[in-house]
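Examination of the molecular architecture
Here is how the chains run, residue by residue.
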Amino acid sequence: MLDGFEILTTSGVVLWSKAYAPVSSSIINGFIKDVFIEEKVLPGASVADEASAAHKPTYKKDQYTLKWATVKDLGLIFVAVYQSLLHLTWIDKLLDNIRIIFVDLHKDQLKKPHTSIIECDFDGYFDQQVRELEGAAEKSPQRAPQTAVDELTPPLSSDNGDGMLPPPLPGLAAATQTGQLRKPVSNGDSTDVSPIPTPDTSRPSTPATHILAGKAGPKSRRAKKALNTPANASSGDETKGRPKKDIRKKMRRWDADGMADDDDETVLDYSVQSPDEIGIANTEISASIEAIDSQSFGTKTGKGQFVLKDLEGEVHSILEGANEKKSQSTSSKGGVVGSSLGTISGLFRNVIGGKVLTKEDLAKPMRGMEEHLLNKNVAREAAVRLCEGVERELIGIKTGTFESIETTIRTAMESSLRKILTPTTSLDILRSITSVTSPSQLNPLPPKPRPYVISIVGVNGVGKSTNLSKLAFFLLQNNFNLLIAACDTFRSGAVEQLRVHTRNLKELSEREGLGKVELYEKGYGKDAANIAKDAVTYATQGKFDVVLIDTAGRRHNDTRLMSNLEKFGNFAQPDKILMVGEALVGSDSVAQARSFNASFGPKRGLDGFIISKCDTVGDMVGSLVSMVHATGIPVVFLGVGQHYGDLRTLNVG
Amino acid sequence: MARTDSQSWLSSLMSPSPIAIAVAALLVLSIPLFLHLVIYRSASSSTIPSFLLVGPSGSGKTSLLTLFERGRHAETRISQAPLTVEVSLPVTTTTASSPYRSANDPSNQIHKKFLLADTPGHGKLRHYAFDSVIKPQNLKGIIFMVDAADVSTSSGGTSNEALRQAAEYLHDLLLLLQKRANTKSPRGPTELPVLVAANKLDLFTALPAPLLKTALESEITNMRSLRTKGLLDSGIGMNDLDIGDEKEWLGEGGEGKFDFTQMDEVNVSVTVAGGNVLGADGPDVKQWWDWIGSNL
């Protein structure tokens, strides 16, 4: 069973929602953030074709699974939430059908500019779809008619195993046209939400009476309805109840206010026309009505019940219409003249603009763009995925005036790259450090100041020690007291290298009166994690502000060394873990980034990248794009040389 | 003979025969219309004043938008795309021009309309907001929404993350406005007031508006001083023309304590007002309506 279903716009307004069980809004907020904004890579996500119902991507959070469908040009998102333990196969089809129905019904409203109000009366359609698909999926043995009926129950054309959902409400296109305003979000029919344990209430929403079985029945009922003139000109109302077999049970009779009237002893079994009914029927027939073709308001099901045509027919017609349109568009256009005119106009439009982009149009320019990215040293996997993303965005979009396809693609690619590289939160290291080392005065109970721990990891030879010293120089300029911990106990000369750096920096800082810097080392061959822990305690005692921890380089496919990282992370508890990646690396960058990100255990990941050796590659800085795209982790620093001052931040604009 | 034929054709064209005049009139009238239809396809309605709604994620911008538009708020989720709606000022709110109008002015009866543009607050999507500031379309004011309850000191102990983010966004916005005012571009209004709207005041952990003002000011001061010490940008070496360009700092020369009154020098007046969109007692947005009315 679904837990909830929502229809929202990309600008954040919820147009319609239905919750069978309470679902907190943070689930959907988190889903939007992760999938659409931050575009975290989903396992097994392929380029989902909008039209296909076969495989919709899923998103899991807590114990919920979410599946969704989008309509790009109108900016709509349809989300279905259900418990992960259940395995519902019909959700994909439901999403597609709901999408088609909703767009069909409310297309005009959605295209209105400068407004966010959509009046939608979607409950009926949704319920009908859910019942239909769920019933088709379940195919459970149908209950015997006797047991299903104690009171008047609405028979469903596809019998449900549970029959829990109350009958659909007559929320129809006609209703919206008659100007009946309903609240766009979960209008007052909230009793739809709670599943009723025994199907004993069939609640009319309008003061209409039941429509019953039997051929003669509808006429009299219809007559009564015509007299009552309900507020809705509805082409269908709730499906009627079955004839009762057991007359002894007290019939529930509904009067005009929708109240159950228990006192009436009248027999409500119309399978045999009682004398007074016949009388009423006769008088009413004479009173008014034109002959109504029974086909127009109902069909006979196999059981001999006369089920009134309700939303179901309308829904099916909408779906069939959509399918027809799709098949028409895919059929080839015939004729030589037609095709040549088509190509000429296509070329014309390419220059002028205003062309609606299809997959074929985009294929060749996209390949060109992909090659361009590969030439700039972006890893193949990242380039392919980027191009797929841009293609997905651009299918079906109209190009602007005087814009060729290439420029459209270029602007789309620019904006998507910018979105990838822009960090979610600000990356100011200085602010983070000051907030930890000297907590703000506004806080009445400041915690004890503790040193800020930064650790540097990476594969062999990317420039960890050099960049660490550059970072140390930068922090010294800001008058922090530094402790450099030499946790690279493996490579010969690592500790000596850091000793030389510390000596230089100490001299510099003494000359200019900056903060103090010290080296903490324990020689070679010891366990890096223990040294890190001791360094942090030493720094706390010595009132240092920042601890910079240098680690040994390790290949990302060497599992033994990578597993040491987790222990290191737990012992040292660094505030920031920065991975150094060099700009010269090729397609290995993605794998490196991913395995380092995963190696710190389930709760921790990298916090930033330092891309080193940027001065050596010129403008072929594609590897930073691939690393960021693969993991979603922002670039904190760029190393542009081998001197102490060659450290920059990334300016995305 | 061909020559004389063409000559005669030309001369007949130039001569004031009725056919020539009719053809000429037709061309003269139709060509501009045709060009207009082809080139200027969508005319923006720039006669209605517009306000921009910015702020960090989760502060209540889209809820405010729906509240203003329909009178009661709708459920909202994280926005990914900007949205512009037409809003009418409630009749009780007075506008800046009302003291100058007589009591019987019929324009008092009609609702004054304005456009309210909502932007996403997420860090990656802030470029929509900044683009709207750089290329304004009849922009009369900016509303910066802050979640006053989130910004008060949390139990975590570290200097509040939400306050920092809000202060950073506000700092960037004010810096952009200052730069724009200093470059003196011919387009764009000369002054652009900013309202810092403290939202969610119905929650008991919310900071009242004056306290929020001092908190933001002190955070911006911190940030400004830290930015001066920060690293150089990676874009510095790329463009040689930039080397001579000095970085601009917010407020008076970037020193000392930052105050919102320092922004008055660049004709950006900052007001701080509180209210709440949701709430047990219903929405209370009267101060915000008043500010909008006075700047309309």
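Residues numbered from 1 in each chain as written. Chains lettered and ligands numbered in written order. Predicted model: local features only at pLDDT ≥ 70, side-chain atom pairs only at ≥ 80, totals over all residues. Heavy atoms only, no water.

An unreviewed UniProt entry annotates chain B as Signal recognition particle receptor subunit beta originating from Lepraria finkii. Recorded under Subcellular location (unreviewed entry), the UniProt text for chain B is reproduced unchanged: "Endoplasmic reticulum membrane". Taken verbatim from the UniProt record of chain B, the Sequence similarities (unreviewed entry) comment is "Belongs to the SRP receptor beta subunit family." (UniProt positions renumbered as here; feature names shortened; annotations may be inferred.)

Going by what an unreviewed UniProt entry lists, chain A is known as SRP54-type proteins GTP-binding domain-containing protein and is assigned to Lepraria finkii. Quoted straight from UniProt, the Sequence similarities (unreviewed entry) entry for chain A says "Belongs to the GTP-binding SRP family." Taken directly from UniProt, the Subcellular location (unreviewed entry) text for chain A runs: "Endoplasmic reticulum membrane".

1. What about the overall build of chain B?
For chain B, the helix and strand inventory stands at 8 helices and 6 strands. In chain B, the succession of α and β elements from N to C terminus is α-α-β-α-β-β-α-β-α-α-β-α-β-α. The 296 residues of chain B split such that 43% are buried. Considering only residue pairs separated by 6 or more positions, chain B has 80% of its internal contacts joining residues 24 or more positions apart. On chain B, roughly 15,900 Å² of surface is accessible, and the fraction owed to carbon and sulfur atoms is 59%. (Helix = DSSP H or I, 4+ residues; strand = E, 2+ residues; numbered from the N terminus. Buried < 20%, exposed > 50% of the residue type's maximum accessible area, 1.4 Å probe, protein only. Contact = heavy atoms within 4.5 Å. Areas by Shrake-Rupley, 256 points an atom, 1.4 Å probe, with all protein chains shown as cover.)

2. A word on the overall build of chain A
When helices and strands are tallied, chain A shows 21 helices and 17 strands. Evaluated residue by residue, chain A yields a buried proportion of 47% over its 653 residues. Expressed as a percentage of contacts within chain A between residues at least 6 apart in sequence, the contacts between residues at least 24 apart total 72%. Carbon and sulfur atoms provide 54% of the accessible area of chain A, an area that totals close to 31,800 Å².

3. Notes on the sheet that holds strand 2 (residues 83-88) of chain B
Residue and element names in this part refer to chain B. The 6 strands lie next to each other as 2-3-1-4-5-6, forming an open sheet whose pairing is mixed. Looking along the sheet, the strands with just one partner apiece sit at the ends: strand 2 and strand 6 (270-274). In this sheet, neighbouring strand axes are inclined to one another by 25 degrees on average, regardless of whether the strands run parallel or antiparallel. Both strand 4 (residues 139-147) and strand 5 (residues 194-199) contribute to a ladder of 6 bridges, which runs parallel. Among the inter-strand pairings, Asp147 is bridged to a residue of strand 5, identified as Asn199. Strand contacts of helix 8 (residues 286-294): strand 1 (50-54), strand 2, strand 3 (113-118), strand 4, strand 5 and strand 6, with the helix running at about 170 degrees to strand 5, the strand carrying the most contacts. (Pairing = 2+ DSSP bridges. Axes fitted to C-alpha atoms, helices over the stretch in contact; angles between N-to-C directions.)

4. Points about the pattern of salt bridges
Residues and elements named next belong to chain A. Within the structure shown, the criterion is met by 12 salt bridges over all chains. A salt bridge links Glu381 to Arg594; its shortest N-O distance comes to 3.0 Å. Of this pair, Glu381 sits in helix 12 (residues 380-394) while Arg594 sits in helix 19 (residues 588-598); the two residues are 213 residues apart in sequence, bridging distant segments of the chain. In this structure Glu381 comes out as partly exposed when scored by relative accessible area, which is 37%. Look at Arg594 and you get partly exposed, because its relative accessible area is 33%. When the shortest N-O distance is used, the salt bridge between Asp527 and Lys567 registers 2.7 Å. With Asp527 in the loop between strand 12 (517-520) and helix 17 (528-542) and Lys567 in helix 18 (residues 559-572), this residue pair connects regions lying 40 residues apart in the sequence. One connected set of salt bridges, linked through shared partners, spans Glu496, Arg499 and Glu521. (Salt bridge = Lys/Arg side-chain N within 4 Å of Asp/Glu carboxyl O.)

5. Here's the deal with the packing of helix 4 (residues 127-134) of chain B against helix 6 (residues 161-183) of chain B
All names here are of chain B. It is the contact of helix 4 with helix 6, at a shortest axis distance of 10 Å, that shows an interaxial angle of 20 degrees. On the basis of their axis angle, the class for helix 4 and helix 6 is roughly parallel. At the point where helix 4 passes helix 6, the crossing takes the right-handed sense. In this structure, helix 4 contributes Ala129, Phe130, Val133 and Ile134 to the contact, and helix 6 contributes Tyr169, Asp172, Leu173, Leu176, Leu177 and Arg180. Per-class residue counts for the contact of helix 4 with helix 6 are 8 nonpolar, no polar and 2 charged. (Parallel < 35°, antiparallel > 145°, perpendicular 65-115°, else oblique. Left-handed = near helix turned anticlockwise from the far one by under 90°. Nonpolar A, V, L, I, M, F, W, Y, C, P; charged D, E, K, R; others polar.)

6. Considerations on the UniProt feature "domain: SRP54-type proteins GTP-binding" (unreviewed entry) in chain A
UniProt marks residues 634-647 of chain A with the feature "domain: SRP54-type proteins GTP-binding" (unreviewed entry), using the numbering shown here. Counting secondary structure, residues 634-647 of chain A comes out at 0% helix and 43% strand; the distance between its end C-alpha atoms is 16 Å.

7. Examining the sheet that holds strand 17 (residues 647-648) of chain A
Residue and element names in this part refer to chain A. Taken in spatial order, the 8 strands line up as 12-11-13-10-14-15-16-17 in an open sheet, and their pairing is mixed. The two strands at the open ends of the sheet, each matched to only one other strand, are strand 12 and strand 17. Relative to strand 12, strand 11 (residues 482-486) is paired through 4 bridges, and the arrangement is parallel. Across the sheet, Ala485 pairs through a bridge with Tyr520, a residue of strand 12. Across the sheet, helix 15 (residues 464-477) lies against strand 10 (452-458), strand 11, strand 12, strand 13 (546-550), strand 14 (576-582), strand 15 (608-612), strand 16 (635-639) and strand 17, angled at about 170 degrees from strand 13, the strand it touches most. Against the sheet, helix 19 makes contact with strand 10, strand 14 and strand 15, and its axis sits at roughly 165 degrees relative to strand 14, the strand it touches most.

8. Things to note about the pairing of strand 5 of chain B
Residue and element names in this part refer to chain B. Summarising burial for strand 5: 6 of the 6 residues are buried, a large majority. Residues Val194, Val196 and Ala198 of strand 5 are buried on one face, and the alternating residues Leu195, Ala197 and Asn199, pointing to the opposite face, are buried as well. Here strand 5 runs beside strand 6; their pairing, made up of 5 bridges, is parallel. Each residue of the ladder has a partner; that of Val196, found in strand 6, is Val272.

9. Things to note about the environment of Arg450(A)
Residues and elements named next belong to chain A. If you trace the backbone, Arg450 turns up in the loop between helix 14 (429-437) and strand 10. Residue Arg450 is classed as partly exposed on the basis of its relative accessible area, which comes to 37%. For the pair Arg450 and Val546, spaced 96 residues apart in sequence, the C-alpha separation works out to 8.8 Å. Not counting residues within four places of it along the chain, the set of residues in contact with Arg450 comprises Val436, Thr437 and Asp575.

10. Let's talk about the packing of helix 6 of chain B against helix 7 (residues 209-228) of chain B
Residue and element names in this part refer to chain B. Contact geometry of helix 6 with helix 7 gives a least axis separation of 9 Å together with a crossing angle of 70 degrees. In this view, helix 6 runs roughly perpendicular relative to helix 7, as classed from their interaxial angle. Along its contact with helix 6, which presents Leu163, Arg164, Ala166, Ala167, Glu168, Leu170, His171 and Asp172, the element helix 7 presents Ala215, Leu216, Glu219, Ile220, Met223, Arg224 and Arg227. Split into classes, the residues belonging to the contact of helix 6 with helix 7 amount to 8 nonpolar, 1 polar and 6 charged.

11. Quick look at the nonpolar core
Counting residues in each nonpolar core, the largest one holds 93 residues, and the members touching the most others are Leu471(A) and Leu475(A). With residues up to four places along the chain from it excluded, the contact list for Leu471(A) reads Ile454(A), Ile456(A), Leu548(A), Leu578(A), Phe637(A) and Leu647(A). With 36 residues, the next largest nonpolar core counts Ala117(B), Ala149(B), Leu163(B) and Ala198(B) among its residues. (Core = buried A, V, L, I, M, F, W, Y, C linked by side-chain atoms within 4.5 Å.)

12. Regarding the pairing of strand 13 of chain A
Residues and elements named next belong to chain A. Of all 5 residues making up strand 13, 5 are buried, and the element is well covered by its neighbours. Neither face of strand 13 is exposed, since Val546, Leu548 and Asp550 on one face and Val547 and Ile549 on the opposite face are all buried. Pairing geometry for strand 10 and strand 13, over 5 bridges, is parallel. When the bridges of strand 13 are listed, Tyr452 appears paired with Val546. Here strand 11 pairs with strand 13 via 5 bridges, running parallel. Across the sheet, residue Ala486 finds its bridge partner in strand 13, namely Asp550.

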